[in-house]
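Coordinate analysis (summary)
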Amino acid sequence: MANDILDDLMTADQSITLENPITQSTTTENAVTTLSQEELGKAKELSKSLDENNSQSVIEYGSLAKKKIGDFSQSVLNKVQAKDLGEVGSALTDLMYQLQESNPNDLVAEDPGFFKKMFGKVKKSIFEVTQKYQKLGAGIDKISIKLTHEYKGLLEDNKTLETLYAENLDYFHALNVYIAGAELKIKELDETVIPQAKIEAENTPDNAIAVQKISDLENYKNRLDKRQYDLKLARQ
């Protein structure tokens, strides 16, 4: 399934080049094993941008993806903080208050005797009680309208959250591809590039440049490993 976010990140990532293709196996541990075939192809493409002769390629690798997911997380937080979540609770509190204020016993005469009923000697007049409950009913109707409005708002919020979740999932998969690209490059360094450099150094024992190259490659791999770790933290 296409990931538009990943495509945009790869297009905008100025560190990506397609020169000097590398040969590597299609599987390795961790992130790579979770990728689809399409994502694996993109991970291989990203790994090609990691040039062991250019330390800057590690610094730039995945920086845009990391920034984008950080900005996205902040935008989600801002939306949640800006949302007034107290409206429903406030309406329900008002409803409970009005119901508690009402007393059904007000509709019953203080003394149910026949003569007191006949002569209207009740605690409160029928008119007063009726007026009170009409007012209560109007208040409940207003609260009901308010709750209906908030319910519709919650439905819209739920749709928004579903959209945000889908977008967050795309960012997660995009970061996973970048992490896998780093894994592939580290695998290539361990299995091909560094061993070849060691063979060259052994064949020319007095060649200080060859020895230094091994050290540089090890340092590059360590920096890339740290970069990969940073991307994993951003993915969490």
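Up top is the structure these notes are about.
Presented here is a report on the structure given in the accompanying data block. Computed from a prediction, not measured in an experiment: that's the story for all the values here.

**Description of the overall build of the protein chain**
When helices and strands are tallied, the protein chain shows 8 helices and 0 strands. Considering only contacts within the protein chain whose residues lie at least 6 apart along the sequence, 86% involve residues at least 24 apart. Accessible surface, the protein chain: about 15500 Å² in total, of which carbon and sulfur atoms supply 54%.

**Remarks on the nonpolar core**
In this structure, Tyr-61 and Leu-224 are the most contacted members of the largest nonpolar core, which totals 34 residues. Of all the secondary structure elements, the ones that give two or more residues to this core are helix 2 (37–47), helix 4 (63–82), helix 7 (126–203) and helix 8 (208–235). Take this core: its biggest share by element is 15 residues, from helix 7. Those residues in contact with Tyr-61 that lie beyond four places of it in its chain are Leu-46, Ser-49, Leu-50, Val-177, Tyr-178, Gly-181, Ala-182, Arg-227 and Leu-231.

**A word on helix 2**
Here helix 2 has its buried residues at Glu-39, Leu-40, Lys-42, Ala-43, Leu-46 and Ser-47. Within helix 2, the buried residues cover an arc of 160° as seen down the axis, which keeps them to one side.

**Some words on helix 8**
Over its 28 residues, helix 8 extends 41 Å from the first C-alpha to the last, a length consistent with the 40 Å expected when each residue adds 1.5 Å. Within helix 8 the residues assigned to the buried category are Ala-210, Ile-214, Leu-217, Tyr-220, Lys-221, Leu-224, Arg-227, Gln-228, Leu-231 and Ala-234. For helix 8, the N-terminal cap is Asn-207; the gap from its side-chain oxygen to the backbone nitrogen of Ile-209 is 3.0 Å.

**Quick notes on the side chain of Asn-176**
In this fold, Asn-176 is placed in helix 7. For Asn-176, a relative accessible area of 7% corresponds to the buried category. Among all residues touching Asn-176, those that are not within four sequence positions of it are Ala-31, Thr-34, Leu-35 and Arg-235.

**Digging into the pattern of salt bridges**
What the rule picks out here adds up to 5 salt bridges. One salt bridge in this structure joins Lys-42 and Glu-38, with 3.6 Å as the shortest N-O distance. Of this pair, Lys-42 and Glu-38 are both found in helix 2, 4 residues apart, which corresponds to roughly one turn of the helix. Overall, the relative accessible area of 38% leaves Glu-38 in the partly exposed class. A salt bridge links Glu-52 to Lys-185, with the shortest nitrogen-to-oxygen separation between them at 2.7 Å. Linking Glu-52 in the loop between helix 2 and helix 3 (56–60) with Lys-185 in helix 7, this pair joins segments that are 133 residues apart in sequence. A relative accessible area of 2% places Lys-185 in the buried class.

**Focus: a nonpolar patch on the surface**
On the surface, Tyr-165, Leu-169 and Phe-172 cluster together to form a nonpolar patch covering roughly 290 Å² of accessible area. Examined against the element boundaries, Phe-172 turns out to sit in helix 7. You can call Phe-172 partly exposed: its relative accessible area is 33%.

Calculation notes
Numbering of residues begins from 1 in every chain and follows the order in which that chain's sequence is written. Two thresholds apply to this predicted model, a pLDDT of at least 70 for residue-level local features and 80 or more for giving and counting side-chain atom pairs, whereas whole-chain, interface and lining totals are computed over all residues. Water and hydrogen atoms were dropped before computing side-chain values, which therefore reflect all heavy atoms in the structure. Secondary structure follows DSSP: runs of H or I at least 4 residues long count as helices, runs of E at least 2 residues long count as strands, and numbering of each begins at the N terminus. By the convention used here, residues are in contact when the closest approach between their heavy atoms is within 4.5 Å. Areas reported here follow the Shrake-Rupley algorithm with a probe of radius 1.4 Å; residue values treat only the protein chains shown as occluding. By convention a nonpolar core is built from buried Ala, Val, Leu, Ile, Met, Phe, Trp, Tyr and Cys residues, the set being connected through side-chain atoms within 4.5 Å. The buried label applies to any residue whose accessible area, calculated with a 1.4 Å probe on protein chains only, is under 20% of its type's maximum; exposed applies above 50%, and partly exposed to all values in between. Comment: arc refers to directions from the helix axis out to C-beta atoms. Helix span is expected to be 1.5 Å times the residue number reduced by one. Think of a polar contact as two N or O atoms within 3.5 Å of one another; within protein, one of them needs to be a possible hydrogen donor and the other a possible acceptor, and neighboring residues in sequence only count if both atoms come from side chains. Definition used for salt bridges: Asp or Glu carboxyl oxygen within 4 Å of a side-chain nitrogen of Lys or Arg. Exposure above 30% relative accessible area and no salt bridge define the residues that can form patches, which grow by joining like charges within 9 Å and nonpolar side chains of Val, Leu, Ile, Met, Phe, Trp and Tyr within 5 Å.

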